[in-house]
Amino acid sequence: MEIAIVGTKRGSVHARWIAQCPEFSVTAVACSQDTEAATEVVRTYHPHAEVTTDALSLIRHGRIDAVAITTPTHSRHELVSEALDRGLLVMCEAPLAASRQSALELAELAYARDARTVVSFHLRENPALRHTRQALADGAIGRLLALDIDLHDDVHTRSAGDDVLTELGTHAFDLVPWLTRTGLWEVSSAWMPGHDAEPGAVDDFAQAELRTIGHPTRARVMVSRTGGTRPQLFVTAHGSLGVIRVRVDTADGSGLFTLSTGARDAQQLFGAHSMNPYRRLVDHLDTGIRPEPGFDDGLAALALVDAALKAGGTERWEGRVS
């Protein structure tokens, strides 16, 4: 399958992932102006690919079957729309769009085109988290009572124009319905101290409380972005029979799973993992299964982001905090 990569910052990660999947062949890497970065991506991972600064022309007229869109969030809507109109398989970096409304329009367009779409929620590929999801489904800690998710990253990885909830929160919010296998979640409260900071200051912390509709289960999502922080994810699931604790190094994919009940304590260590979403995409394409997570999942995560921003007293306009 011939695929093009649009964007070079996060696009370099997608280039590495795609290089691990011989079923894909990268024909071009598109950038807005930084041809040096695009050339480096090509040199490192896909030496036969071309470099272009005209992403729209590549999508409209390039001889490609798929496109990976990894540009800054505010620029994705037009590119994704063009790719859907062209009938391409679309892999979009998370978050799907700069706002819930934009994501809704893209999800509706994808449905109308019966398109194959994927949002790169790469944390779903982590072995420790997949083990946790199965343990919850198997009732390892009984009935789930509470779920706490803490996601930390370095401030220097921040994308242009994205607040911490849009960039990191999208991934954290996606884990809530995915781990629990229920989409019936709503935001009950949120706290964003960075909202009152001086103009231009880094919005580096946000927290939201969630609850399930019609059930007593609650969840908490906290995301932070500070200088010198090792990217890490912590998940704690409290159940009627015990507790599951998970620590994941989101830089290399390694993790530690701990199960504690009244009957036993057990640990399982997971080694480094690339968390490559393209490998699962290849499996889905081979078996004819509709790829996932799709645009509906990307929309659901952004809906929770917007609800949290509203609950925290922050207004949003096309993904920018005002």
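Everything numeric in this text was worked out from a predicted model, so none of it was measured. (Residues numbered from 1 in each chain as written. Predicted model: local features only at pLDDT ≥ 70, side-chain atom pairs only at ≥ 80, totals over all residues. Heavy atoms only, no water.)

Caption draft 1: Region of the structure containing the overall build of the protein chain. A tally of regular secondary structure across the protein chain gives nine helices and 16 strands. For the C-alpha atoms alone, the extent of the protein chain along its principal axes is close to 60 × 45 × 40 Å. By the burial criterion, 53% of the 322 residues in the protein chain qualify as buried. By sequence separation, contacts in the protein chain at least 24 residues apart represent 65% of the contacts at least 6 residues apart. Of the roughly 14400 Å² of accessible surface on the protein chain, a fraction of 48% belongs to carbon and sulfur atoms. Each charge class in the protein chain was averaged separately, 31 positive and 42 negative side chains, and the resulting centres sit 4 Å apart. (Helix = DSSP H or I, 4+ residues; strand = E, 2+ residues; numbered from the N terminus. Buried < 20%, exposed > 50% of the residue type's maximum accessible area, 1.4 Å probe, protein only. Contact = heavy atoms within 4.5 Å. Areas by Shrake-Rupley, 256 points an atom, 1.4 Å probe, with all protein chains shown as cover. Lys, Arg positive; Asp, Glu negative; His and termini not counted. Charge placed at Lys NZ, Arg CZ, Asp CG, Glu CD.)

Caption draft 2: Quick peek at the sheet that holds strand E2 (residues 25-30). Pairing is parallel across the open sheet formed by six strands, whose spatial order is E3-E2-E1-E4-E5-E6. Looking at the sheet topology across the chains shown, the edges are occupied by strand E3 (50-52) and strand E6 (117-119). Here the strands of the sheet are splayed against their neighbours by 20° on average, with no regard to which way each runs. Here strand E1 (residues 2-6) pairs with strand E4 (residues 66-69) via four bridges, running parallel. From the neighbouring strand, Val6 faces E4, where its bridge partner is Ile69. Contacts from helix H9 (residues 295-311) reach strand E5 (89-92) and E6 within the one sheet, and its direction differs from that of E6 by about 35°. (Pairing = 2+ DSSP bridges. Axes fitted to C-alpha atoms, helices over the stretch in contact; angles between N-to-C directions.)

Caption draft 3: Focus on the sheet that holds strand E9 (residues 205-212). The eight strands lie next to each other as E8-E9-E10-E7-E11-E12-E13-E14, forming an open sheet whose pairing is mixed. Only two strands of the sheet have a single partner each, and these edge strands are strand E8 (185-191) and strand E14 (265-270). The sheet shows a mean angle of 15° between the axes of neighbouring strands, direction not considered. Both strand E12 (residues 242-249) and strand E13 (residues 255-261) contribute to a ladder of seven bridges, which runs antiparallel. Within E13, the position partnered with Val246 by the bridge is Phe257. Sheet strands in contact with helix H7 (residues 164-180) are strand E7 (144-154), E8, E9, strand E10 (218-226) and strand E11 (232-239), and its direction is about 150° off that of E10. Across the face of the sheet, H9 comes into contact with E8 and E9 while running at roughly 40° to E8.

Caption draft 4: Quick look at unusual backbone geometry. Following Ala94, the chain continues to Pro95 via a peptide bond in cis, the omega torsion being 5°. Within the secondary structure, Pro95 sits in the loop between E5 and helix H5 (100-113). Following Glu292, the chain continues into Pro293 via a peptide bond in cis, with omega recorded as -5°. Considering the arrangement of structural elements, one finds Pro293 in the loop between helix H8 (277-287) and H9. Notably, Arg181 is not glycine yet its phi reads approximately 60°, a positive angle.

Caption draft 5: Broad picture of the state of the cysteines. Tallied over the full model, the rule gives zero disulfides. Cysteine Cys31 remains unbridged, with the sulfur of Cys92 as its closest cysteine sulfur at 18 Å. Residue Cys92 is classed as buried on the basis of its relative accessible area of 0%. (Disulfide = S-S within 2.5 Å.)

Caption draft 6: Seen up close, the side chain of His122. Here His122 lies in the loop between E6 and helix H6 (127-137). In this structure His122 touches Arg10, Trp17, His171, Met275 and Pro277, once residues within four positions along its chain are discounted.

Just geometry here; none of it tells us what the structure is for.
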